[in-house]
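Chain by chain, the residues:
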Amino acid sequence: MFRFLTTIVHHIARFAHLAVFPAAALAAFFLRFDFEVPAAEMQHLYSAILIAFFTKTVIFSFARIHRVVWRSAGINDMLRIFWANVGASLAFALVLRITEGASFPRSVYILDFLICFTGTSAVRMAGRLYAESTMIQRRKASRKKILIYGAGQAGATLAREILTNPGLRYELVGYLDDNASKRAVRIHGVPVLGTGRRAAEIVSNLARRRTKIAEIVIAMPSAGGREMQEALANCRAAGVECKTVPGLGEILSGRILSAQIRDVA
């Protein structure tokens, strides 16, 4: 599906380039005459639109701009587009000089070049932005959506590691915490969704909004046996896989917390 969309967008980009050529000539004329093109200049306008389309299409084809990989368009590709525009504008001006003579408004040449270069560059950069946003969405879709049970120091540390390390296969959706004072608080931009006793309700509500929670990570290293049993019971009631982080001694050893997520013993 992704390859199909990529192909479609690539063809759209090619057609958008073709549309930029006559549009740039038209815009250049309107700017030159303050959006009121005199009747005497209409023939020049029609000629400019047709010649711009054909000459620039030929030059851009010779320059093989359509083979620029729009998904990774960078400075070198922008330079290629710049020089292709230079050549296309020179060809455009030469043909107009031959067909229309010296009466053709010369300022249109400069305006047309600037608009055309901006437009063709924008098409390429729009393609790159689309590719990057699509890739981000695909990466997000492949990550496990998790809740952190415990919004204390350990939970905040784990959240920071997940949010700052794109290599981790986790997407943090929210926290669960039994401390009423933390209700609706945001930690590292992620909300505390409710208490542990509401885990099943919260997971169900998220599922209805197409956010399926894959795991709940209990981040309460200082919790006693009774607290852990209650947390485990709440997680199991939600029907979600449950994992935990180590005790305080292992956390203080300085090892990365996210690397120590483990099944509950």
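Throughout, a residue's number is its position along its own chain's written sequence, starting from 1. Residues qualify for local features only when their pLDDT is at least 70, as the model is predicted, and side-chain atom pairs are given and counted only at 80 or more; totals for whole chains, interfaces and linings, by contrast, use all residues. Based on all heavy atoms of the structure, the side-chain values leave hydrogens and waters out of the count.

### Some remarks on the confidence of the model for the protein chain
Right, so step 1: pLDDT measures how confident the predictor is about each residue, on a scale from 0 to 100. Across the protein chain, pLDDT averages 80, with 78% of residues at or above 70.
Right, so step 2: Contacts are residue-level and defined by heavy atoms, with any inter-residue pair within 4.5 Å sufficient. Confidence drops under pLDDT 50 across residues 248-256; counting only partners more than four residues distant or on other chains, this segment forms 11 contacts.

### Side note on the packing of aromatic side chains
Right, so step 1: Ring geometry is summarised as follows: Phe, Tyr and Trp rings, the Trp one being its six-membered ring, pair when their centres sit within 6.5 Å, and such pairs are stacked at plane angles under 30 degrees, edge-to-face over 60 and tilted between the two. Summed over the entire model, instances satisfying the criterion amount to 11 aromatic pairs.
Right, so step 2: Their ring planes at 75 degrees and their centres at 5.9 Å tell us that Phe82 and Phe113 sit as a pair that is edge-to-face. With Phe82 in helix α3 (residues 75-100) and Phe113 in helix α4 (residues 107-142), the pair connects residues that are 31 residues apart, well separated along the chain.
Right, so step 3: A relative accessible area of 27% places Phe82 in the partly exposed class.
Right, so step 4: For each residue, the accessible area found with a 1.4 Å probe, counting protein chains only, is set against the maximum for its type, and the residue is called buried under 20%, exposed over 50%, and partly exposed in between. On the accessibility criterion, Phe113 (18% relative accessible area) is buried.
Right, so step 5: Here Phe113 and Phe117 contribute two aromatic rings whose centre-to-centre distance is 6.4 Å and whose plane-to-plane angle is 10 degrees, an arrangement assigned as stacked. Of the two residues, Phe113 and Phe117 are both situated in helix α4; the distance of four residues between them amounts to about one turn of the helix.
Right, so step 6: Grouping aromatic residues by their ring pairs yields a cluster made of Phe29, Phe33, Phe92, Phe104 and Tyr109. In this text, helices come from DSSP runs of H or I with a minimum length of four residues, and strands from runs of E with a minimum of two, each type numbered from the N-terminal end.

### Overview of the pattern of salt bridges
Right, so step 1: Just to be clear on terms, a salt bridge is a Lys or Arg side-chain nitrogen sitting within 4 Å of an Asp or Glu carboxyl oxygen. Across all of its chains, the model carries six salt bridges by this definition.
Right, so step 2: Notably, a salt bridge pairs Asp112 with Lys56, separated by 2.5 Å at the nearest N-O pair. In this pair, Asp112 sits in helix α4 while Lys56 sits in helix α2 (residues 42-62), placing the two residues 56 residues apart along the sequence.
Right, so step 3: The class for Asp112 is buried, based on a relative accessible area of 0%.
Right, so step 4: Its relative accessible area of 0% is what places Lys56 among the buried residues.
Right, so step 5: Glu215 is paired through a salt bridge with Lys144; the nearest N and O atoms lie 2.9 Å apart.

### Some words on the pairing of strand β4 (residues 190-194)
Right, so step 1: A pair of strands counts as paired when DSSP detects no fewer than two bridges linking them. With two bridges joining them, strand β2 (residues 170-176) and β4 adopt parallel strand pairing. Within β4, the residue paired with Leu176 across the bridge is Gly194.
Right, so step 2: Hairpin connection, strand β3 (residues 186-187) to β4: the antiparallel pair is bridged by two residues, and His188 has positive phi, about 55 degrees.

### Some thoughts on α2
Right, so step 1: Counted at 1.5 Å a residue, the expected span for α2 with its 21 residues is 30 Å, and the 30 Å between its end C-alpha atoms agrees.
Right, so step 2: Among all positions in α2, only His44, Leu45, Ser47, Ala48, Ile51, Ala52, Thr55, Lys56 and Phe60 are buried.
Right, so step 3: Positive phi shows up at Arg64, right after α2, with a value of about 55 degrees. What a helix should span is 1.5 Å times the count of its residues minus one.

### Re the side chain of Thr120
Right, so step 1: Structurally, Thr120 can be placed in helix α4.
Right, so step 2: Definition of a polar contact: a pair of N or O atoms within 3.5 Å, with one able to donate and the other able to accept a hydrogen when the atoms are protein atoms, and with sequence-neighbouring residues admitted only if both atoms are side-chain atoms. Reaching out from Thr120, the side chain makes a polar contact with the backbone oxygen of Phe117 at a distance of 3.2 Å.
Right, so step 3: Each residue touching Thr120, except ones within four places of it in the same chain, is listed here: His17, Val20, Phe21, Phe60, Ile81 and Asn85.

### Looking at the environment of Val58
Right, so step 1: Examined against the element boundaries, Val58 turns out to sit in helix α2.
Right, so step 2: Classification of Val58 by relative accessible area gives partly exposed; the value is 42%.
Right, so step 3: Put simply, Val58 and Ala91 are 33 residues apart on the chain and 9.7 Å apart in space, counted from C-alpha to C-alpha.

### Quick look at a nonpolar patch on the surface
Right, so step 1: Here a patch means residues that are over 30% exposed by relative accessible area and free of salt bridges, tied together within 9 Å if like-charged and within 5 Å if nonpolar (Val, Leu, Ile, Met, Phe, Trp, Tyr). Note on areas: these come from Shrake-Rupley sampling with a 1.4 Å probe, and a residue is covered only by the protein chains present in the view. A cluster of nonpolar side chains, namely Ile75, Leu79 and Trp83, defines an oily patch on the protein surface of about 390 Å² accessible area.
Right, so step 2: With respect to the element layout, Trp83 can be found in helix α3.
Right, so step 3: For Trp83, a relative accessible area of 59% corresponds to the exposed category.

### Regarding helix α5 (residues 153-164)
Quick reminder: α-helices carry 3.6 residues per turn. Residues three or four places apart thus point the same way.
Right, so step 1: The end-to-end C-alpha distance of α5 is 16 Å, a good match for the 16 Å that 12 residues give at a rise of 1.5 Å each.
Right, so step 2: Three or more residues of α5 are buried, namely Ala154, Gly155, Ala156, Thr157, Leu158, Ala159, Glu161 and Ile162.

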